[in-house]
Amino acid sequence: MQPDAADTLGIGGSWFDPLWRVPVELSPLERALLDSWPVRRLGMVAHAGAAALTTTQTYSRLEHSLGVLALVAHFAPQDALARATALLHDVGHLPFSHTLEGIDGLDHHDLGHARIRSMSQLLARHGIDAEDVIAVDDGRLPSPLHSRPGGLKLDHLDSFLRSGQAHGRTEELPSVLLERLRLIDGTVDTDEETGTELVRLAVTEARAQRSTADVTPVAVLRHLVTTALSEPDPAFTVEELAVMTDDELLGALRRAPATAEEADVFRLHPLSWQLLADPSSGSQADVSIDVDEGAGAPLVQYQITRSYLDVPTVDGELLHSPDVTRLHGELPLFFALRRVCERS
């Protein structure tokens, strides 16, 4: 029975995912993981990254991880290793998720594997080897969580549908769509009509990540963090950054002398930074070589080098999409922003 509140604590030993409408009877290990700090922390990290500050996509990494658990429980309910990995696959994410990826070499996969190893004793008490979780996570062990190259996997299926629901892009309930999906060696397979809808959701997600509403907060937050870290006596270290939650990072930026003023303006008036060119609207993308650096406030520059555009299979064959090919072909995309006004 659907609970009155979809808690993320494992109360009563079950989880009912509100997106997929899948009830999950939690194992003792899954309940223990939901009570551990590496997993609890994900409830304070936005899945959409800095775009959570400027869009309606405000759900957490924990909600997404529970969604992936629900999908594994739906397609492979007896696979305890895959279920544990579903809950742990994102534990290495930085505050604001992908927004800060790559700064000073930070990589959420490496951080995640280190955190999984730090949970070895907890996992071992429930008969799971941390190294096996890591092997599933990076694809060295076959699993319902990993697809064929270019194929849609459960992690991205949850991302596309959860984002689509948050932005109002879905045309039917994800729980209804789920009834038409099956898993073939980890790849989502379906009929052509449903496959086309899944591709549309992937494409619109990629477009959203190239929009002003997404690019502006991501670029500015990266600028603030790199500014703070470049100080001779930084207010926080790279190691401290890696374990922060979103609110802890925003607080640290507002306290740091080098970023305090800009961080406050960013919090109050994100559109104080103007996107000088928007590739998604057909304007010049490579603005880094066209904009006069001497014209007022310093530029904030940002580039997108990757989009998640995995496609499902239809009767075992990858679904071809000209939109996916075109979006891949536009990469890398370069953006520049400038702070254009002072606001109080």
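Residues numbered from 1 in each chain as written. Predicted model: local features only at pLDDT ≥ 70, side-chain atom pairs only at ≥ 80, totals over all residues. Heavy atoms only, no water.

Asker: Is there a simple way to explain the sheet that holds strand β4 (residues 187–190) in this structure?
Answerer: Pairing between the strands of a sheet is mediated by backbone hydrogen bonds and can be parallel or antiparallel. The strand order across the open sheet formed by four strands is β3-β4-β7-β8, and the pairing between neighbours is mixed. Edge positions in the sheet fall to β3 (182–184) and β8 (317–318), since each has one partner strand and no second. With two bridges joining them, strand β7 (residues 313–314) and β8 adopt antiparallel strand pairing. Bridge pairing in β8 links T313 to L318. Against the sheet, helix α10 (residues 192–208) contacts β4 and β7, and its axis sits at roughly 130 degrees relative to β4. (Pairing = 2+ DSSP bridges. Helix = DSSP H or I, 4+ residues; strand = E, 2+ residues; numbered from the N terminus. Contact = heavy atoms within 4.5 Å. Axes fitted to C-alpha atoms, helices over the stretch in contact; angles between N-to-C directions.)

Asker: What should I look at first to understand helix α8 (residues 154–167) in this one?
Answerer: Structural remark: α-helix, 3.6 residues per turn; residues separated by three or four positions point the same way. For α8, which comprises 14 residues, the first-to-last C-alpha distance of 20 Å matches the rise-based estimate of 20 Å (1.5 Å per residue) to within 8%. Where burial is concerned, most of α8 is hidden: eleven out of the 14 residues are buried. Those residues of α8 lying buried are L154, D155, H156, L157, D158, S159, F160, L161, R162, S163 and G164. G168, located one to two residues past α8, shows a positive phi value of around 75 degrees. (Expected span 1.5 Å × (residues − 1). Buried < 20%, exposed > 50% of the residue type's maximum accessible area, 1.4 Å probe, protein only.)

Asker: Sorry if this is basic, but what is going on with the UniProt feature "domain: HD/PDEase" (unreviewed entry) in the protein here?
Answerer: Within this structure's numbering, the places UniProt gives as "domain: HD/PDEase" (unreviewed entry) are residues 57–262. With 59% helix and 3% strand, residues 57–262 has end C-alpha atoms that lie 24 Å from one another. (UniProt positions renumbered as here; feature names shortened; annotations may be inferred.)

Asker: Can you walk me through the pattern of salt bridges in this structure?
Answerer: Any two side chains of opposite charge can pair, given that their charged atoms come close. Counting across every chain of the model gives 19 salt bridges. For D138, the salt bridge goes to R140, with nearest N and O atoms at 3.0 Å. Among the residues examined, D138 registers a relative accessible area of 35% and is labelled partly exposed. Taking relative accessible area as the criterion, R140 reaches 55% and is therefore assigned exposed. Close ionic contact of R182 with D189 constitutes a salt bridge, the shortest N to O distance being 2.6 Å. (Salt bridge = Lys/Arg side-chain N within 4 Å of Asp/Glu carboxyl O.)

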